[in-house]
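# Secondary and tertiary structure notes
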Amino acid sequence: MAERYGHHPALALWHVSNELGCHNGRSYGERDASGFRTWLRSRYGDLDALNSAWGTDFWSQRYSAWEEVQPPRVAPSFVNPTQQLDFARFCSDALREQLRAETAVLRRHTPDVPVTTNFMVMGHFSLMDYATWTGDLDLVSNDHYMQATDPDAHIELAFCADHVRGLAGRQPWMLMEASTSAVSWQSVNAAKPVHQLRRNSLTQVARGADAVLYFQWRAARAGAEKYHSAMLPHAGTDSELWEAVVGLGGDLQRIAEVTGSTVSSPVALVLDYEAWWGAELDAHPSDQLSYRRTAERWYRALWEANVGVDVVPRGTDLTGYRMVLAPMLYLVTDADVAALEGAASGGAHVLVTYFSGVVDEHDHVRLGGYPGAFTELLGVRADEFRPLLPEQTVHVAGDLLGEATGTSWSEPVAATDAEVLARYTDGPSAGYAAVTRAERGEGGAWYVSTELDLDAVRAVVAAVCDAAGVGPAVTASPGVEVVVRHGDGADYVFAMNHTDAEGTVEAGGHDLLTGSDHAGSTTVPAHDVVVLRR
Amino acid sequence: MAERYGHHPALALWHVSNELGCHNGRSYGERDASGFRTWLRSRYGDLDALNSAWGTDFWSQRYSAWEEVQPPRVAPSFVNPTQQLDFARFCSDALREQLRAETAVLRRHTPDVPVTTNFMVMGHFSLMDYATWTGDLDLVSNDHYMQATDPDAHIELAFCADHVRGLAGRQPWMLMEASTSAVSWQSVNAAKPVHQLRRNSLTQVARGADAVLYFQWRAARAGAEKYHSAMLPHAGTDSELWEAVVGLGGDLQRIAEVTGSTVSSPVALVLDYEAWWGAELDAHPSDQLSYRRTAERWYRALWEANVGVDVVPRGTDLTGYRMVLAPMLYLVTDADVAALEGAASGGAHVLVTYFSGVVDEHDHVRLGGYPGAFTELLGVRADEFRPLLPEQTVHVAGDLLGEATGTSWSEPVAATDAEVLARYTDGPSAGYAAVTRAERGEGGAWYVSTELDLDAVRAVVAAVCDAAGVGPAVTASPGVEVVVRHGDGADYVFAMNHTDAEGTVEAGGHDLLTGSDHAGSTTVPAHDVVVLRR
Amino acid sequence: MAERYGHHPALALWHVSNELGCHNGRSYGERDASGFRTWLRSRYGDLDALNSAWGTDFWSQRYSAWEEVQPPRVAPSFVNPTQQLDFARFCSDALREQLRAETAVLRRHTPDVPVTTNFMVMGHFSLMDYATWTGDLDLVSNDHYMQATDPDAHIELAFCADHVRGLAGRQPWMLMEASTSAVSWQSVNAAKPVHQLRRNSLTQVARGADAVLYFQWRAARAGAEKYHSAMLPHAGTDSELWEAVVGLGGDLQRIAEVTGSTVSSPVALVLDYEAWWGAELDAHPSDQLSYRRTAERWYRALWEANVGVDVVPRGTDLTGYRMVLAPMLYLVTDADVAALEGAASGGAHVLVTYFSGVVDEHDHVRLGGYPGAFTELLGVRADEFRPLLPEQTVHVAGDLLGEATGTSWSEPVAATDAEVLARYTDGPSAGYAAVTRAERGEGGAWYVSTELDLDAVRAVVAAVCDAAGVGPAVTASPGVEVVVRHGDGADYVFAMNHTDAEGTVEAGGHDLLTGSDHAGSTTVPAHDVVVLRR
């Protein structure tokens, strides 16, 4: 293919494979077993190191030959957790090898044509560690589809866009796939109103996409995706949808000058695939925790306040961020701990939640009290986890929150070197700390030991923002989402109205979409978008 | 067996096999794969035709050798829908081949002895396309068991009986199996009151059965069905149940003269196995729709009004029906479309619901707007499906219905050549048509684009009946079910009281069960049955 | 191992294997099939006997060669129930063979060292028939873990302890495993308050344990059980948990003299693994019944009244018990029937519930009316089962109960030779008996034909206790559990307070835990335990 099309004048970009790992992210056959062993040899060198990393003394699992090692297949009881974790790493690496093999051929034939592949930073998909893939690509691309049953799907979209930008090193990226209306793989595939089609796409641009594409051009008459929406529906060009797609094409032309501009954020939220895999292994204190839900819950409070967030992998240089969130960062290396400590002592405010810092990279518990890696940074210590039953709610009180509730989790947190901002007033951790704050150098370190209700999350986020001196770049009326892209000669203020009523953004300038000019503040009609050059 | 018993004086009828397809309706092994290929070669002739029918250009599924074709086995994503549909056809045909092979032997040995096999027209069983089987039988037989958790199981029974009669070409048929009381394969196997045992059996006769049999004679002491009820229970002859069975035997003797009489109905409801298979394939706009539930929902309103309905396969000659219902008739051939158009222009009133006429026999979407095949007949067009989330309800209003609700589905229906009888007042299709009516020649064509609440279904059915001049053959007090069988010299009015109180049927004559005579109107005691010759 | 450690001075007891059958209680492979056939040959001798026992005439299942017999593997419909029952027996016996094989080696090397293995008498675990294993052990041991979602887990604990004692022939036994706090294999692994750690362990002692051990010594850093609590937690010795474990060690030393003392109870509750397996086979009248739940429901009323109960296997000598409960004793041999009849005629009061005495040891129904085996003993007869739908409740009334409710089950019980104490007032068995009592010699026989609400169960139990002259050995304030162990020279009264408030036990003596002496009555602080020597 590279030979045949490599010099075609229309060739601008190679897109390798499609959604790598989507349907084959884990595979347990004989060839996989063999590949897994090769990967483990390379990681551990010898079996002693593997036995030590996997803790095989427990349950008499010691390996004395590489051939004895298997993928974590179905077993009558729990499978070794480090084996599971390493298998996740291996599978992600194996598919990256496929990407590399295909990319190598293309680069040999067309060294000047950039190469990308479409990630799936979307909902609960977590099978590939994309942070380790980006170095192999010239451009980061993503597919994003919304969940019809999620009333906050627009916040989920923003979270994913900010995550893709974080993976892309804060550079522009490409939205490879989205849907104009319904998809076909959910239980009920709700249609999208046409105003949403437009607003979703422009939000992706606002958050750093330099291109927004759709799957698919024309709705198929046959096959497994014939009820997936397209740019041209079954009904033909005599349809609302076709008109909206054509309209969006015009909009994109009108805002073409934003291409290449970037987004910069005062807040980093650390989201990491290894921590995710680790946090959701089986035989844990509770299977009710969700890594992704927890991260989006804290993100949401910042989204509502129009405070910019980069969602970044573990290992990202945190210099320059005034605030760092580490929700449920279960697995951390010593270097990660040092990076967070460094951020705090450098003046940032770091917020850590329950079930963070529990294990090292081998999923070995950090002893001496929870949250193992962060007891010193946070100035807290709990000698036990006390998760809550599915229907159980505990109460939390303190000046910062007033009266609030916690679910899913609690811990008998003692503040060894921190101020207690809120305490449990009932439940298994009654009397212990639910929210703490420690002064650390110029900055601070905050700990939250339960899944707080949303209002309480908002209050904690507001307090941390206040301490860190962080706020929105541009203010707006409630329900109006604002993002600023910074270009060489101008800034671009994107304002997306998610409400049924007219809203306002406190910014003026030239609206690229309508061509009109505004001073000081600009009206954003219901469900509409404005893009101001200023 | 044919040699040994073929000339036994007690031999009246051969019953071939048992519930063909009940436990092996789909089979995915190597021999099935081979049989499927043979069947496909016979259907398509060459691979180009198969590739075209299956739309294999999509997802790069093109076949270049027959050996590549497989049954629709478990796959990491959705399997080709036309492959699934053809496999359903193949499996039904393969079991019909078994029936034919056994029947051929019997016919060779005993050409004068009729042959039957027991269908399973019952609840959600849909694996066999019985409409293609009846030509191989001398007599249509059915097994029918009631679902303990269904409060309207007596309506479900009537629906099935009317369906068996439709399959039997409106001729008498045989109830091969039913239960005297509890079955043993449901979650909770509730017992039947003895009055229900009797009423159920006589209802089957009313609706065309010339014989009603039970599974099983004597309750087994051992084995997998030992808790299935029988004519003789574990308790022995000193039991209510045994007495009731003996009583029913007497009743059947008393009404023996109804044998051979037939039922004729003013309404046809088209229920088709291919449409059923197609409608419930995966990757559809919504998995909340149920073909069978939808059909029974519309039937129910007619049952309540004691209006006679033949439940007939696609392809049935519709001449003579004054009203035709096509609920969720997803898959239709061009001939089917012509048949419905012909019925309307011939004076019938045709009612079509959402998700009808969407695809052709290859499951290819009919382009140009929904409901593809019927836009002209109905004078409506929607450019998108807008299914509703599981808990979502929309409101519908119009003179015909007053205020009503819709669930599961909606469409932005524009009336291109029809009168709008009700519109959505909220939800994703607000302002568009929910119910329409078009004049077509002497008849009419009605469309309903959402799953209306039961009262609204009743109102629509009443309006269509009124337009079509259709009503009950005999009226009765509420809760009294009435069916008329027409014999050579007499009509037989069956009235079944489903209430705890005395009811009335507005018919007189000689009650075959009690021997008493009635003029004008007859009392039907609570839970009792009367059979009037008039 | 026996050679190496057999003469080690610290060797006090061999613990063979671990939780035999926990993860491999049923196995369906080729070697299992072969072993099953050998076991069947030994049980039945010839195929005619097997065919008769399995009722293979039904569904044409007759075997003509042993090789045709298979384990009850996955099948498209229900598998032969006697085949399932025999396979359960075989599996239990096969693991007992493993125990015997290992024990034989140990006994050869160290004839004087006792041998045990840890049972799992806990919750719904039912795969092994421990009653047939105890003869192979020198000491009965058990593992017991509590279910975090069960608000009555302390009653469940007591029930299991009384069951282990019943299996151990009422002799002292050993608690091999329990948890100090959370386990790691439930959905949410709630922590235990430290007062519960202590009270649970001392309750096990109260009910006959002469040793109480924990899994595990030190919480692992790695592996599948690293979040299972231990005596030494991840947090180290600076923890509430470690202090509590050390404290318990002191308590056990203080009460060391209770070792060897025994518990004797006026009531026997027959709990049998074969009856359990049989009662929960598939294709039954209802899958809503639970053998274990039913047994614990009746036990609970006695626990609340502090009436002592031995939970004993079928076949236990019932002499000396003043009251015998047989809840849902589905499968009984003729000898079992005679034993219960003998108990009644010998002066005991026997209480039997619905779905008892239905089948013999081959799972063949006992004909002539339900409850087959017990119609004579109880003086009742029902000619049908009438199970209730999941949400269905019926009402029951009578002098004994006032107004009560029944769920899950009902029967049209006629009292042929018994007094009716309560009748159904509605539902499918309206007018028939729900509770009956028959005088039998010096004793009596009671029948309950529905799952009564808890208050009604309490009322029935109180009436039977009253008739049998049975009451608590020692009374106490509500929520204080009392058990008496009888030693050679003294009795030991254990009182466990399950409430948040101070309670009282009506006994005096020397409190072994505190060293203080009490006369007449003793205070039991909230959540605390007292152990009085008197």
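Residues numbered from 1 in each chain as written. Chains lettered and ligands numbered in written order. Predicted model: local features only at pLDDT ≥ 70, side-chain atom pairs only at ≥ 80, totals over all residues. Heavy atoms only, no water.

### Quick notes on the overall build of chain A
The number of helices and strands found in chain A is 12 helices and 25 strands. A globule of 534 residues ought to have a C-alpha radius of gyration of about 24 Å, and chain A, at 24 Å, matches this closely. The proportion of buried residues among the 534 residues of chain A is 59%. Counting every atom, chain A has about 19,800 Å² of accessible surface; 49% of that belongs to carbon and sulfur. With 39 positive and 70 negative side-chain charges, chain A shows a spacing of 4 Å between the two charge centroids. (Helix = DSSP H or I, 4+ residues; strand = E, 2+ residues; numbered from the N terminus. Rg over C-alpha atoms; globule rule 2.2 N^0.38 Å. Buried < 20%, exposed > 50% of the residue type's maximum accessible area, 1.4 Å probe, protein only. Areas by Shrake-Rupley, 256 points an atom, 1.4 Å probe, with all protein chains shown as cover. Lys, Arg positive; Asp, Glu negative; His and termini not counted. Charge placed at Lys NZ, Arg CZ, Asp CG, Glu CD.)

### What about the interface of chain B and chain A?
Counting residues at the interface gives 35 residues for chain B and 27 residues for chain A. For the pair chain B and chain A, the number of links is 4 salt bridges. The residue B:Arg381 makes a salt bridge to A:Asp238 at a minimum N-O spacing of 3.8 Å. Where chain B touches chain A, the interface holds 15 residue pairs in polar contact (both at pLDDT 80 or more). Taken together, the residues of the side of chain B that touches chain A break down into 20 nonpolar, 8 polar and 7 charged. (Contact = heavy atoms within 4.5 Å. Salt bridge = Lys/Arg side-chain N within 4 Å of Asp/Glu carboxyl O. Polar contact = N/O pair within 3.5 Å; in protein donor to acceptor, adjacent residues only side chain to side chain. Nonpolar A, V, L, I, M, F, W, Y, C, P; charged D, E, K, R; others polar.)

### Re the UniProt feature "domain: Beta-galactosidase trimerisation" (unreviewed entry) in chain A
Feature annotation in UniProt places "domain: Beta-galactosidase trimerisation" (unreviewed entry) on residues 267–470 of chain A, given in this structure's numbering. With 25% helix and 28% strand, residues 267–470 of chain A has its two end C-alpha atoms placed 8 Å apart. (UniProt positions renumbered as here; feature names shortened; annotations may be inferred.)

### So, the relation of the copies chain B and chain A
With an axial shift of 0.0 Å and an RMSD of 0.0 Å, the rotation relating chain B to chain A amounts to 120 degrees. Expressed as an axis order, the relation between the two copies is that of a three-fold axis. The rotation axis passes nearest to the C-alpha of B:Val74 in chain B, at a distance of 10 Å. (Least-squares fit on C-alpha atoms with pLDDT ≥ 70 in both.)

### A word on the UniProt feature "domain: Glycoside hydrolase family 42 N-terminal" (unreviewed entry) in chain A
Within this numbering scheme, the UniProt entry marks residues 1–254 of chain A as carrying the feature "domain: Glycoside hydrolase family 42 N-terminal" (unreviewed entry). Strand forms 7% of residues 1–254 of chain A and helix 39%; the C-alpha atoms that close the span are 35 Å apart.

### Observations concerning the sheet that holds strand β4 (residues 141–143) of chain A
Residue and element names in this part refer to chain A. One open sheet holds the 4 strands; their spatial order is β3-β4-β5-β6, and the pairing between them is parallel. Every other strand in the sheet has two partners, leaving β3 (118–119) and β6 (209–212) as the edge strands with one partner each. Examined bridge by bridge, β3 and β4 share 2 bridges and lie parallel to one another. Pairing of Phe-119 across the sheet is with Asn-142, part of β4. Against the sheet, helix α6 (residues 194–206) makes contact with β5 (173–177) and β6, and its axis sits at roughly 150 degrees relative to β6, the strand it touches most. (Pairing = 2+ DSSP bridges. Axes fitted to C-alpha atoms, helices over the stretch in contact; angles between N-to-C directions.)

### Considerations on helix α10 (residues 334–345) of chain C
Residue and element names in this part refer to chain C. An ideal rise of 1.5 Å per residue puts 16 Å on 12 residues; α10 measures up with 16 Å between its terminal C-alpha atoms. Turning to α10, its buried residues are Asp-336, Val-337, Leu-340, Ala-343 and Ala-344. End-on view of α10: buried residues confined to an arc of 125 degrees, all on one side of the axis. Residues Asp-334 and Ala-335 are exposed on α10 and point more than 90 degrees away from its buried face. Turning to α10, the residues buried within the fold contact β9 (323–326), β10 (349–353), α11 (375–378), β16 (433–440) and β17 (443–448). One or two positions beyond α10, positive phi appears at Gly-347, with a value near 115 degrees. (Expected span 1.5 Å × (residues − 1). Arc of directions from axis to C-beta.)

### A word on the sheet that holds strand β4 (residues 141–143) of chain B
Residue and element names in this part refer to chain B. Here we have 4 strands laid out as an open sheet, ordered β3-β4-β5-β6, and parallel in their pairing. Both edges of this open sheet fall to β3 (118–119) and β6 (209–212), since each of them pairs with a single strand only. Contacts from helix α6 (residues 194–206) reach β5 (173–177) and β6 within the one sheet, and its direction differs from that of β6 by about 150 degrees.

### Comments concerning the interface of chain C and chain A
Reports often express the size of an interface as the amount of accessible area lost when the parts come together. Facing 27 residues of chain C, the contacting portion of chain A comprises 34 residues. It is C:Val188, C:Arg221 and C:Tyr227 in chain C that bury the most area against chain A; as a group they hold 27% of the surface buried on that side. Counting across the interface, chain C meets chain A through 16 residue pairs in polar contact (both at pLDDT 80 or more). (Buried area = accessible area lost by both parts, 1.4 Å probe.)

### A look at the packing of α6(B) against helix α7 (residues 240–254) of chain B
Residues and elements named next belong to chain B. Interhelical geometry of α6 versus α7 gives an angle of 30 degrees and a closest axis separation of 9 Å. Judged by the angle between their axes, α6 and α7 are roughly parallel. Viewed along their axes, α6 and α7 form a crossing whose handedness is right-handed. Taking contact as the criterion, the partners of Val-194, Leu-197, Arg-198, Ser-201, Leu-202 and Val-205 in α6 are, on α7, Glu-240, Leu-241, Ala-244, Val-245, Leu-248, Asp-251 and Leu-252. Classifying every residue of the contact of α6 with α7 gives 9 nonpolar, 1 polar and 3 charged. (Parallel < 35°, antiparallel > 145°, perpendicular 65-115°, else oblique. Left-handed = near helix turned anticlockwise from the far one by under 90°.)

### Thoughts on the side chain of B:Ser265
All names here are of chain B. Among the secondary structure elements, Ser-265 is positioned in the loop between α7 and β7 (267–270). A distance of 2.9 Å separates a polar atom in the side chain of Ser-265 from a polar atom in the side chain of Asp-310. In contact with Ser-265, other than residues within four places in its own chain, are Arg-165, Gly-308, Val-309, Asp-310 and Tyr-321.

### Let's talk about the pairing of strand β20 (residues 491–497) of chain C
Residue and element names in this part refer to chain C. The element β20 is extensively covered by neighbouring structure, given that 6 of its 7 residues are classed as buried. The turn joining strand β19 (residues 480–486) and β20, which pair antiparallel and follow one another in sequence, is formed by 4 residues. Of the pairings in the sheet, the one linking β20 to strand β25 (residues 529–533) comprises 5 bridges and is antiparallel in character. Considered in β25, the bridge of Phe-494 is made with Val-531.

### Description of the pattern of salt bridges
Under the definition given, this model contains 111 salt bridges over all chains. Notably, a salt bridge pairs B:Glu481 with B:Arg207, separated by 2.8 Å at the nearest N-O pair. Note that B:Glu481 is positioned in strand β19 (residues 480–486) and B:Arg207 in the loop between α6 and β6, a separation of 274 residues in sequence. Grouping residues by exposure puts B:Glu481 and B:Arg207 together as buried. Across the pair C:Glu304 and C:Arg458 runs a salt bridge, and its minimum N-O distance is 2.6 Å. Placement of the pair is C:Glu304 in helix α9 (residues 291–304) and C:Arg458 in helix α12 (residues 454–468), with a sequence separation of 154 residues.

### Describing the pairing of strand β10 (residues 349–353) of chain A
All names here are of chain A. Among the 5 residues of β10, 5 are classified as buried, and the element is accordingly described as predominantly covered. Side chains His-349, Leu-351 and Thr-353 project from β10 onto one buried face, and the interleaved Val-350 and Val-352 project onto a second face that is buried too. Pairing analysis gives 4 bridges linking strand β9 (residues 323–326) to β10, with the strands arranged parallel. The residue bridging Met-323 from the neighbouring strand is His-349, located in β10. Following the chain from β9 across helix α10 (residues 334–345) to the adjacent parallel β10, one finds a crossover that is right-handed. (Right-handed = clockwise from strand over helix to strand, strands pointing away.)

### Remarks on the state of the cysteines
Evaluation of the coordinates by the stated rule reveals 0 disulfides over all chains. Sulfur of B:Cys160: no disulfide; nearest cysteine sulfur belongs to B:Cys22 and is 14 Å away. Under the relative-accessibility criterion, B:Cys160 is labelled buried at 1%. The cysteine C:Cys91 is free of any disulfide, with C:Cys22 supplying the nearest cysteine sulfur at 15 Å. On the basis of relative accessible area, C:Cys91 is assigned to the buried category, the value being 6%. (Disulfide = S-S within 2.5 Å.)

### Re the environment of C:Tyr492
Residues and elements named next belong to chain C. Turning to its location among the elements, Tyr-492 is positioned in strand β20. Distance from Tyr-492 to Glu-257, taken between C-alpha atoms, is 9.5 Å for residues 235 residues apart in sequence. The contacts of Tyr-492, once residues within four sequence positions are left out, are Glu-257, Val-258, Ser-261, Val-483, Val-484, Arg-485, Gly-487, Leu-512, Leu-532 and Arg-533. Of the polar contacts made by the side chain of Tyr-492, one reaches the side chain of Glu-257; its length is 2.8 Å.

### Regarding helix α5 (residues 153–167) of chain C
Since the α-helix packs 3.6 residues into each turn, any two residues three or four apart lie on the same face. Residue and element names in this part refer to chain C. Between the first and last C-alpha of α5 there are 21 Å, a value that for 15 residues agrees with the 21 Å anticipated at 1.5 Å per step. In terms of residue burial, α5 counts as a mostly covered element, since 15 of its 15 residues are buried. The first or second residue beyond α5 is Gly-169, which carries a positive phi of 65 degrees.

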